[in-house]
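These are the residues of each chain, in order.
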Amino acid sequence: AIGLDADDTLWENETFFRVTEAQFAALLADHCDPDTVASRLYETERRNLQRYGYGIKGFMLSMVQTAIELTDARIDGCAIARILELGQDMLAHPVHLIEGVEDALADLDGRRLFLITKGDLMDQERKIAASGLAERFHAVEILVDKTPEAYARILSRHGVAPDRFMMAGNSMRSDVLPVVKLGGHGVFIPHDLTWLAEQAEASDHPRLHHLDAIADLPQLVARVEDG
């Protein structure tokens with residue numbers, strides 16, 4: 001069975017966050033330099049993960065909180081409205097598939113494919129529907145976070161042994177290392193833009209694989225199956 005991450009593995013995601021961050025920094029240009037805005041926003045996002053989880057809505061709230069803190073609560077209502085508008089634009093953005101995704105899924109047709117993502121339920125369901133890829137998957141799982149325990153529950157529910165499972169994605173922290181720890185194969189497919197909180201050091205493990213692009217995944221699956 002093969003699991004695939006969604007954001008920045010099947011379709012672009014972080015790009016839109018970076019564009020919005022730049023617009024947010026421009027909004028606060030009279031108060032702070034862009035580097036300060038970026039670092040304070042990241043700190044706020046990390047603190048708020050336990051409250052809001054992953055996704056655009058939590059990002060919007062973190063932008064509002066950061067703006068209030070960086071301006072000593074002097075930010076006006078029009079600026080807050082603009083921040084909310086930036087987040088709403090993200091929630092309505094079209095889905096752009098990453099190059100090679102459709103061909104890779106076609107080559108993997110007939111296998112048990114699982115789409116395993118995390119974040120805001122409504123936004124992830126919107127993107128999955130808009131992608132046109134839902135019918136390719138045996139099941140779709142939207143998680144609060146990707147931990148070994150969360151993966152174990154999915155595999156148990158679908159009757160998949162960990163050593164017969166492979167998970168591919170752009171996050172070493174979320175897509176790869178938890179599955180390797182569980183006894184499965186983790187496949188790291190880097191994206192040019194990956195949120196700092198999703199980065200982690202790779203371990204040297206025989207079940208940890210690196211690919212340059214998702215187009216190479218079907219060949220890797222064949223090699224692993226051949227032993």
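Our subject is the structure listed above.
In what follows, the accompanying structure is described. Keep in mind the model is a prediction, meaning the values are calculated, not measured.

Thresholds, definitions, all that
Residues numbered from 1 in each chain as written. Predicted model: local features only at pLDDT ≥ 70, side-chain atom pairs only at ≥ 80, totals over all residues. Heavy atoms only, no water. Helix = DSSP H or I, 4+ residues; strand = E, 2+ residues; numbered from the N terminus. Rg over C-alpha atoms; globule rule 2.2 N^0.38 Å. Buried < 20%, exposed > 50% of the residue type's maximum accessible area, 1.4 Å probe, protein only. 1 Å grid on protein atoms, 1.4 Å probe; cavity = no way out; pocket = protein on both sides within 12 Å on 5 of 7 lines; lining within 4 Å. Points joined across faces, edges and corners; volume = space filled by probe spheres on them. Nonpolar A, V, L, I, M, F, W, Y, C, P; charged D, E, K, R; others polar. Pairing = 2+ DSSP bridges. Axes fitted to C-alpha atoms, helices over the stretch in contact; angles between N-to-C directions. Contact = heavy atoms within 4.5 Å. Parallel < 35°, antiparallel > 145°, perpendicular 65-115°, else oblique. Left-handed = near helix turned anticlockwise from the far one by under 90°.

**Some words on the overall build of the protein**
Across its full length, the protein holds 9 helices and 6 strands. A globule of 227 residues ought to have a C-alpha radius of gyration of about 17 Å, and the protein, at 19 Å, matches this closely. Seen through its principal axes, the protein has C-alpha atoms that stretch 60 × 35 × 30 Å. Expressed as a percentage of its 227 residues, the buried residues of the protein come to 48%.

**Details of the environment of proline 206**
Within the element layout of this structure, proline 206 appears in the loop between β5 (185-188) and β6 (208-210). Take proline 206: its relative accessible area is 70%, and that puts it in the exposed class. Between the C-alpha atom of proline 206 and that of glutamate 125, which follows or precedes it by 81 residues, the distance is 34 Å.

**Concerning the layout of surface pockets**
One number sums up the size of the largest pocket: a volume of about 250 Å³. Looking at the largest pocket, the residues that line it are Ala1, Ile2, Arg111, Arg112, Asp163, Arg164, Phe165, Met166, His185, Val221, Val224 and Glu225. In terms of residues, the lining of the largest pocket owes the most to one element, helix α9 (residues 217-226), which gives 3 residues. Considering only residue class, the lining of the largest pocket consists of 6 nonpolar, 1 polar and 5 charged.

**Let's talk about the sheet that holds β6**
Pairing is parallel in the open sheet, where 6 strands are placed in the order β3-β2-β1-β4-β5-β6. Sheet topology places β3 (139-143) and β6 at the edges, where each strand pairs with a single neighbour. Recorded for the sheet is a direction-independent mean angle of 20° between the axes of neighbouring strands. Both β5 and β6 contribute to a ladder of 3 bridges, which runs parallel. Note on β6: the bridge partner recorded for phenylalanine 188 is histidine 210. Contacting β2 (113-118) and β3, helix α6 (residues 121-131) crosses the sheet at an angle of about 150° to β3. Relative to β3, helix α7 (residues 148-158) is tilted by about 155°, and along the sheet it contacts β2, β3 and β4 (166-169).

**A few points about the packing of helix α1 (residues 14-27) against helix α2 (residues 34-52)**
With their axes 9 Å apart at the nearest point, α1 and α2 run at an angle of 120° to one another. It follows that α1 is oblique to α2 by the angle criterion. The hand of the α1/α2 crossing is right-handed. For the pair formed by α1 and α2, the contact residues are Glu21, Phe24 and Ala25 on the first element and Pro34, Val37, Leu41 and Glu45 on the second.

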